[in-house]
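# Reading the structure
Listed below are the residues making up each chain.
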Amino acid sequence: MVKKKKREFQSSELVKSFARLYGFENKLLAFEVKDFLHEYLNDALFSEIESVNLNRKILEIRIKSPLLKNDFRMRKTFYLKKFKEKFGEEHFIDLLVL
């Protein structure tokens, strides 16, 4: 079990190095945010999230459900703070809910 975790960590570092090298760090971070949302929200709510992108430090979350979209907009500051705490202040300047 310990070896598996160690290998996961090493492959994660390898993916990050590859992303840095080929310039798609933003896409990789967007995937990590989407994974975080999958853990944070229940399956029904998560299924309403269409896409997560990071463009010029602006996190863009596209949501199908008008109710969930409204919730994210009303709690924008809360979610942005949560993402900054989890992934680092330097990665995000704003959250755009589409």
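Report follows, based on the coordinates. (Residues numbered from 1 in each chain as written. Predicted model: local features only at pLDDT ≥ 70, side-chain atom pairs only at ≥ 80, totals over all residues. Heavy atoms only, no water.)

## Some details on the overall build of the chain
Looking only at helices and strands, the chain features 5 helices and 3 strands. Ordered by position from N to C terminus, the α and β elements of the chain give α-α-α-β-β-α-α-β. The buried share of the chain, reckoned over its 98 residues, is 28%. Long-range contacts, defined here as pairs at least 24 residues apart, represent 50% of the contacts in the chain between residues at least 6 apart. In the structure as shown, the chain presents an accessible area of about 7,200 Å², 55% of it carried by carbon and sulfur atoms. (Helix = DSSP H or I, 4+ residues; strand = E, 2+ residues; numbered from the N terminus. Buried < 20%, exposed > 50% of the residue type's maximum accessible area, 1.4 Å probe, protein only. Contact = heavy atoms within 4.5 Å. Areas by Shrake-Rupley, 256 points an atom, 1.4 Å probe, with all protein chains shown as cover.)

## Topic: the pairing of strand S1 (residues 49-55)
Both faces of the sheet carry side chains from a regular strand, because those side chains alternate between them. Bridging between S1 and strand S2 (residues 58-63) involves 6 bridges; their strand directions are antiparallel. Bridge assignment links Ile49 to a residue of S2, and that residue is Ile63. Counting the residues in the hairpin turn of S1 and S2 gives 2 residues, including Arg56, whose phi is positive at 55 degrees. (Pairing = 2+ DSSP bridges.)

## Description of the packing of helix H2 (residues 25-40) against helix H5 (residues 76-87)
Where H2 contacts H5, the axes come no closer than 11 Å and their chain directions differ by 115 degrees. As H2 packs across H5, the resulting crossing turns out to be right-handed. Contact residues: H2 offers Leu29, Glu32, Val33, Phe36, Leu37 and Tyr40, while H5 offers Phe78, Tyr79, Lys82, Phe83, Lys86 and Phe87. Split into classes, the residues belonging to the contact of H2 with H5 amount to 9 nonpolar, no polar and 3 charged. (Axes fitted to C-alpha atoms, helices over the stretch in contact; angles between N-to-C directions. Left-handed = near helix turned anticlockwise from the far one by under 90°. Nonpolar A, V, L, I, M, F, W, Y, C, P; charged D, E, K, R; others polar.)

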